[in-house]
Amino acid sequence: MNLFADGRRKWVGVALIALALIGLPFALAAAGTAWVRIANLAILFAFLALGLNIVVGFAGLLDLGYIAFYGVGAYAYALLASPHFNLHLPFWVILPIGALVACVFGVLLGAPTLKLRGDYLAIVTLGFGEIVRIFLNNLSQPVNITNGPQGISRIDPFSFGAFNFSRNETIAGLAFSGPIKYYYLLLALLLLAIVVNLRLQHSRIGRAWEAIREDEVAARAMGINTTRIKLLAFAMGASFGGIAGGMFAAIQGFISPESFVLVESVMVLSMVVLGGMGNVWGVVLGAVLLTFVPELLRDWVQPVQQSLFGRTLIEPEVIRMLLFGLALVLMMLFRPAGLLPSAVRKRELAKTE
Amino acid sequence: MDIFLQQIINGLTLGSVYAIVALGYTMVYGIIQLINFAHGELVMIGAMVAFSVINALAGTHLPPVLIVLIGVLAAVPACMLVGYAMERIAYRPLRNAPRLAPLITAIGISIILQHVALLVWSRNPLAFPQIIPFVTFSVGGAIISGVQIAIILISVLMMGALTFMVYRTKLGIAMRATSQNPQVAGLMGIDIDRIISFTFIVGAALAAVAGVMVGTYYGIAHYGMGSLLGMKAFSAAVLGGIGNLAGAMLGGILLGIVEALGAGYIGDLTNNVFGSNYQDVFAFLVLIGVLVFRPSGLLGERVGDRA
């Protein structure tokens, strides 16, 4: 935000960005409602990536099973607000429950592993992600909890009393489709998450995370209870994942274990790495880029291949994955601090040894 | 009693494969303290290359054993090349970078390799042609197949050869010196870069053979087969004590047996609440258990918590 160094110009800039964000869904709706949905997905992923950023960016712990917390949150929402158990709790009750459940899972996973070196944590979280998926897939017997691979459908959308977020409405002469209403809700939640992240980063805890990331032994010597502070990062990241999962379940109306595979964890990690680990704005940028670019590619890659070769050689899905993989490798090799590097991160990653 | 023996035999077979893959993890870890996340993908590529060769030769009238052998001979150099390229491109430039960096490139490499394999060999599981006649022997009420015997024997041979190489040859001495202290090893005239490349190549060759074994044992190869197998082999390496060769072998075999017995008995033990579809959970539970109670593994030295 150095662009608007001068105080008054800064506020003009913020106002312009706010106006653009408010107008965006209507512009996108003109190109097709699908694009509004994609924008919603981008915001959701930004939220998710902010949660992972607490763990990977702030505290420097590599979590490869992050999507499991997202899944836990999504299933918590789906089970408490769908015909599956015939429960229909309101969303402001369930989202905190989802956050809490994900948080408990985070602590359960983190407690035994956070005492150890970072790379162990990476592989254990990777395994944890797989385990959660296996359980989601198989917990349809003997008691049908997750409904197995079929997943859970007809999940309640968000609603405030009679105001339902999935219905189309005309307010003050403007046509608000379901996705547009969700857009504003998600945007508000994302802003809240950004504020929480920024405040966290500069708090006492945030500085402790930074100290641990830079040098754990020195941090401990300074009197930081490293295990507890790391566990805190893990739990907070997990709660963010849980909330994002709940929102995902409500927006999609349907979830299945398919949505919570390792590849998704890698995707969220790519977003954090691409934008710049530890930098809140960078992470949001990374999430937006990695959601929109593959969709744009999907739009023209297939027709181009059709006209060049007469058939689709490389499916868009594969291109998307290759893009994530390349983003991880190339960013680490050539711009390890990300597109928008955080000041500390830049200093830290620039020095060798 | 025969179920028990049968599961032990199945576990030994699976465990031999885990041990061979675990050796690759442990060697790389021992020398540069890096978990090579993409190691599992080398197993997958080995299986895929071997599949292509075996499939192409299945129609000819060569003896089946020779066809499989040719498959191995094709898979090994292919994996060596990929292993070497992996180290040069993704790990060497980051050798002095913070720990997180090579871990992240490793994930990236793993995703790229998987999807390149998907492009080359298709998204569907590939069924190996059934060229090896299914011979079985009966041992005390249990059945052991020719393929299982071959897998166990070849694994033992390879472990022996590797142990000999590491402890009895000049190259092995250089490897051990590098793993103990790269700076001093460099001062003693050891070309560290070459030794590290060599370690990756040996690990890749082992992974290639393991890939062919898995492929012929299950009769199937798939572009995604590497990650779960890799994770299990890593668990095996941690169980035995990471960085320790004998540990990787022991850990692999133990893990194979635990998994087989677990899958065989979990239904009876839990009154069929949990079935063998939870087989993949055991490796992970073993990993957590080891990390909680004995992070250094069965044969390993203490793991310091270097940040």
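About the thresholds
Here the residue numbering is sequential within each chain, running from 1 through the sequence in written order. Lettering of chains starts at A and numbering of ligands starts at 1, both following the order in which they are written. Whole-chain, interface and lining totals are the exception, using all residues; otherwise, since this is a predicted model, local features are given only for residues with pLDDT of at least 70 and side-chain atom pairs are given and counted only at 80 or more. Numbering goes from the N terminus for both helices and strands, where a helix is a DSSP run of H or I of at least four residues and a strand is a run of E of at least two. We call two residues in contact whenever the C-beta atoms placed from their backbones are within 7 Å. To sort residues by exposure, count the other C-beta atoms lying within 10 Å of each residue's C-beta; 20 or more gives buried, 12 or fewer gives exposed, and values between give partly exposed, all with C-beta atoms placed from the backbone. Think of it this way: DSSP has to see at least two bridges between two strands before they count as a pair. A helix is expected to reach a length of 1.5 Å times the quantity of its residues less one. Here, a nonpolar core denotes buried Ala, Val, Leu, Ile, Met, Phe, Trp, Tyr and Cys residues that are linked to one another through C-beta atoms within 7 Å. Think of each axis as a best-fit line through the C-alpha atoms, taken over the contacting stretch in the case of a helix, with angles from 0 to 180 degrees between the N-to-C directions. The cut-offs work like this: below 35 degrees is roughly parallel, past 145 is roughly antiparallel, 65 to 115 is roughly perpendicular, and the gaps in between are oblique. Throughout, a crossing is termed right-handed when the near helix is turned clockwise from the far one, and left-handed when it is turned anticlockwise from it by less than a right angle. Lys, Arg, Asp and Glu make up the charged group, whereas Ala, Val, Leu, Ile, Met, Phe, Trp, Tyr, Cys and Pro make up the nonpolar group; the residues left over, Gly among them, are polar. pLDDT measures how confident the predictor is about each residue, on a scale from 0 to 100.

Caption draft 1: Region of interest: the overall build of chain B. A tally of helices and strands in chain B yields 11 helices and 4 strands. Contacts in chain B between residues at least 24 apart in sequence constitute 77% of all its contacts with a sequence separation of at least 6.

Caption draft 2: Structural detail: the overall build of chain A. Looking only at helices and strands, chain A has 13 helices and 6 strands in total. In chain A, which comprises 353 residues, the share counted as buried stands at 49%. Of all intrachain contacts in chain A linking residues separated by at least 6 positions in sequence, the fraction that spans at least 24 positions is 74%.

Caption draft 3: Fine view of the pairing of strand β3 (residues 142–145) of chain B. Residues and elements named next belong to chain B. The pairing of strand β2 (residues 136–139) with β3 spans 4 bridges and is classified as antiparallel. Of the residues in β3, the one forming a bridge with F137 is I144. Remark: 2 residues form the turn of the hairpin made by β2 and β3, two consecutive strands paired antiparallel; G140 in that turn has positive phi of roughly 50 degrees.

Caption draft 4: The environment of A:F324, seen in detail. The topology assignment puts A:F324 in helix α12 (residues 316–334). For the pair A:F324 and A:P294, spaced 30 residues apart in the sequence, the C-alpha separation amounts to 9.7 Å. Excluding anything up to four places from it in sequence, A:F324 contacts A:V266, A:M267, A:S270 and B:I111.

Caption draft 5: Spotlight on helix α8 (residues 192–218) of chain B. The end-to-end C-alpha distance of α8(B) is 39 Å, a good match for the 39 Å that 27 residues give at a rise of 1.5 Å each. Trailing α8(B) by a residue or two, B:G219 shows a phi angle of about 75 degrees, which is positive.

Caption draft 6: Region of the structure containing unusual backbone geometry. Residue and element names in this part refer to chain B. A positive phi angle, near 50 degrees, is found at Q33, a position not held by glycine. With respect to the element layout, Q33 can be found in the loop between α1 (2–32) and α2 (39–57). Residue classification places Q33 among the partly exposed residues on the basis of 15 C-beta atoms within 10 Å. At S122, a residue that is not glycine, the phi angle is positive and equals roughly 80 degrees. Checked against the element boundaries, S122 lands in the loop between α4 (100–121) and β1 (126–127). Taking the C-beta count within 10 Å as the criterion, S122 has 11 such neighbours and is therefore assigned exposed.

Caption draft 7: View of the nonpolar core. Counting 210 residues, the largest nonpolar core has A:A49, A:V268 and B:C79 as the members making the most contacts within it. At 16 residues, helix α2 (residues 33–58) of chain A tops the list of elements feeding residues into this core. Other than its neighbours up to four places away in sequence, A:V268 contacts A:F45, A:L48, A:A49, A:L52, A:Y66 and A:I67.

Caption draft 8: Here's a closer look at the packing of helix α3 (residues 64–91) of chain B against α8(B). Residues and elements named next belong to chain B. The interhelical angle for the contact between α3 and α8, taken along N-to-C directions, is 140 degrees, at an axis separation of 7 Å. Considered as vectors, α3 and α8 are oriented oblique to each other. At the point where α3 passes α8, the crossing takes the right-handed sense. Residue composition of the contact of α3 with α8, grouped by class: 18 nonpolar, 6 polar and 1 charged.

Caption draft 9: Molecular detail of the packing of α1(B) against α8(B). Residues and elements named next belong to chain B. At a closest axis distance of 9 Å, the pairing of α1 and α8 adopts a crossing angle of 165 degrees. On the basis of their axis angle, the class for α1 and α8 is roughly antiparallel. Like other packed secondary-structure pairs, α1 and α8 cross with a definite hand, here left-handed. Mapping the contact onto sequence places T13, V17, I20, V21, L23, G24, M27, V28, I31 and I32 in α1 and I196, T199, F200, V202, G203, L206, A207, V209, A210, M213, V214 and Y217 in α8. By residue class, the composition of the contact of α1 with α8 is 18 nonpolar, 4 polar and no charged.

Caption draft 10: Region of the structure containing the confidence of the model for chain B. All names here are of chain B. Taken over all residues, the pLDDT of chain B has a mean of 87, while the share at 70 or more is 96%. Confidence drops under pLDDT 50 across residues 302–307; counting only partners more than four residues distant or on other chains, this segment forms 12 contacts. Scoring of the predicted complex yields 0.84 for pTM and 0.83 for ipTM.

Caption draft 11: Summary view of the environment of A:V196. Here A:V196 lies in helix α6 (residues 178–201). Note on A:V196: 15 C-beta atoms within 10 Å, which makes it partly exposed.

Caption draft 12: Structural view of the environment of B:Q7. Residue and element names in this part refer to chain B. Mapped onto the secondary structure, Q7 falls in helix α1. Separated by 67 residues in the primary sequence, Q7 and A74 place their C-alpha atoms 32 Å from one another. Setting aside residues no more than four positions away along its own chain, Q7 makes contact with A260, L261 and G264.

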